Amino acid sequence: MTISEHSGIATAQIHAGYEPQAPFRTVAVPLYQSAAYEFPDYESARRMFALKETGFTYSRTGNPTVAVLERRVAALEGGVAALATATGQSAVAVALLALVRGGQHLVASSRLYGGTVDLLTDTFADFGIEVTFADPDDVGAWAAAVRPETRAFFTETIGNPLGHLHDLPALAGLARGVGVPLVVDNTLATPVLCRPLELGADIVVHSATKFLGGHGTSLAGVVVDGGRFDFSAYPDKWPQLTRPKQRYGGDTLWERHGHGAYLALARSKYLHDLGPSLSPFNAAQILQGLETLDIRVARHAENTRDVVRFLAAHPAVAAVHHPSVPGHPQAQLAARDFPRGTGSVLSFDLAADPADVGAFIDRLTLFKLVANVGDTRSLVAHPAAMTHCRLSPQQRADAGIRDTTIRLSIGLESAADLIADLNQALAPQHSAVPDPSAHLQKASR
Ligand SMILES: Cc1ncc(COP(=O)(O)O)c(C=O)c1O
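Criteria and cut-off values
- Residues numbered from 1 in each chain as written.
- Predicted model: local features only at pLDDT ≥ 70, side-chain atom pairs only at ≥ 80, totals over all residues.
- Heavy atoms only, no water.
- Core = buried A, V, L, I, M, F, W, Y, C linked by side-chain atoms within 4.5 Å.
- Buried < 20%, exposed > 50% of the residue type's maximum accessible area, 1.4 Å probe, protein only.
- Helix = DSSP H or I, 4+ residues; strand = E, 2+ residues; numbered from the N terminus.
- Domains from an automatic or database assignment.
- Axes fitted to C-alpha atoms, helices over the stretch in contact; angles between N-to-C directions.
- Parallel < 35°, antiparallel > 145°, perpendicular 65-115°, else oblique.
- Left-handed = near helix turned anticlockwise from the far one by under 90°.
- Contact = heavy atoms within 4.5 Å.
- Nonpolar A, V, L, I, M, F, W, Y, C, P; charged D, E, K, R; others polar.
- Polar contact = N/O pair within 3.5 Å; in protein donor to acceptor, adjacent residues only side chain to side chain.
- Salt bridge = Lys/Arg side-chain N within 4 Å of Asp/Glu carboxyl O.
- Near = heavy atom within 4 Å.
- Areas by Shrake-Rupley, 256 points an atom, 1.4 Å probe, with all protein chains shown as cover.

Counting 54 residues, the largest nonpolar core has Leu69, Phe153, Leu182 and Val224 as its most contacted members. Considering every element that reaches this core, the biggest residue donor is helix α3 (residues 64–77), with seven residues. In terms of domain composition, this core takes at least three residues from each of domain 1 (10–289) and domain 2 (294–433). Among the nonpolar cores identified, the runner-up in size contains 42 residues, and Ala93, Ala108, Tyr248 and Leu253 belong to it.

Here it is in structure tokens:
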């Protein structure tokens, strides 16, 4: 099943990619917890290993439960196919490694999740892959960063941790013009709030650990291919897709799979060789969570609206970073591309000395101090000391992260209880603020 309209998401999140099969016709997706599969005969095994015949050979490269998750997320994003991975981190890594190799180059947003920055600046540097970080609000800076060896643009839809929105149509237009795919991490938006492929992106990645699962029990990642980028138009740029390879019996992946070639490479080489495969159990957990995705995202949004309103009016808060804050510079972009809201991960700056951050966090009781987002529970983190601690001070400044910036992931509890918790934790801070009138202007920079 594929969906083409946003209104179909509620149906796709429950049904896409699975039809009950005889003899039992289980209405819930069965959990096929098996490492391997018995081949019907020797010839089938030979052809499947030669990738001449499709089918499951070994769960490192595919599993029937995992495959339902892949089809379901592909449908939710409006893509042609998907590849599930063990984590969001490996989804980002595999998605990019299939496009860019040592000696080549990426342009990436300067406002990314810290773990992705670690991957791009450290591990990719070890592989000889260079990355230029560019301000997502300055498309000219992206154009200036492009080199002959650039092989992809990478960005997030809604940046972690400041909720910064990315103008995907503008970045996609530039990417098309310079002949590289735009890869978008849609973790914080989910396909309920934004479908990047409809805004011009070519490939979407997710940490399904977050809102897609929603329960915080299981790590998972997904790469979705929009199937539109024509790698054959640039055969010299992507020889891994457009030239004969010994690994594929002298065939080219593009000739064999056409627009499915990109994911075929990601699965048959990177998932196969590096092994960041999703366990069937975790796939079943994420599928269970997905069934309520749109309802949860709507409730997250309601709670976020109330928390943002409370924080924006609080004298112990210097700035709230969320596009819903009145006067926010990205209000127009939010209205254009995010009509259902801009997500429930937000940050705010305490009007306090950085030394007071720890005491504020420790006073919170309902908000859990956790290195995660997108859970039913409300979570708090201190990006400068936690998720973004390995960035240089300059990288953090470029991303708008201060030492007093606190990240919240707003959960599904009663908004009044969340506000009460924040209120009691901010109270001592409030009395310590020397001149509350200096902090009345809360619109994010
Ligand atoms: C936007 C984003 N992308 C990717 C990841 C990595 O996902 P995982 O933790 O599932 O490896 C995270 C984790 O926080 C994230 O927030």
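What follows picks up the thread again.
When two helices pack together, their arrangement is captured by the angle between the axes and the distance separating the axes. In contact at an axis separation of 10 Å, helix α4 (residues 88–97) and helix α5 (residues 114–126) are set at 45° when each is read in the N-to-C sense. As the angle between them shows, α4 and α5 are arranged oblique. Helix-helix and strand crossings are classified by hand; for α4 and α5 the assignment is right-handed. In this structure, α4 uses Gln89, Val92, Ala93, Leu96 and Leu97 to contact α5, whose residues at the interface are Gly115, Thr116, Leu119, Leu120 and Phe124. The residue makeup of the contact of α4 with α5, split by class, is seven nonpolar, three polar and no charged.

Our focus in this paragraph is the side chain of Glu413. Structurally, the position occupied by Glu413 is in the loop between β12 (405–409) and α17 (415–432). Here Ser378 takes part through its backbone nitrogen, which lies 2.8 Å from a polar atom of the side chain of Glu413. Once residues within four sequence positions are removed from consideration, Glu413 is found in contact with Arg299, Asn303, Thr376, Arg377, Ser378 and Leu418.

We now examine the pattern of salt bridges. One pass over the full model with this rule turns up 14 salt bridges. One salt bridge connects Arg390 with Asp118, and the closest N-O pair in it is separated by 2.9 Å. Note that Arg390 is positioned in the loop between β11 (379–381) and α16 (393–398) and Asp118 in helix α5, a separation of 272 residues in sequence. Residue Asp118 is classed as buried on the basis of its relative accessible area of 17%. Here Asp349 and Arg402 are joined by a salt bridge, their closest N and O atoms 3.9 Å apart. A residue pair is termed long-range when its members are at least 10 positions apart, and Asp349 in strand β9 (residues 345–350) and Arg402 in the loop between α16 and β12 qualify at 53 residues. Among the ionic contacts, a cluster of salt bridges with common partners joins Asp167, Arg336 and Asp337.

Further remarks concern the site of the ligand. Around the ligand, the neighbouring residues are Thr87, Gly88, Gln89, Tyr113, Glu156, Asn160, Asp185, Thr187, Ser207, Thr209, Lys210 and Ala220. In the environment of the ligand, an oxygen atom lies 2.8 Å from a nitrogen or oxygen atom belonging to the backbone of Gln89. Contact distances for the ligand include 2.9 Å between an oxygen atom and a side-chain N or O atom of Asn160. Burial of the ligand by the protein chains amounts to 91% of its free accessible area of 390 Å². A class-by-class count of the residues in the shell around the ligand yields two nonpolar, seven polar and three charged.

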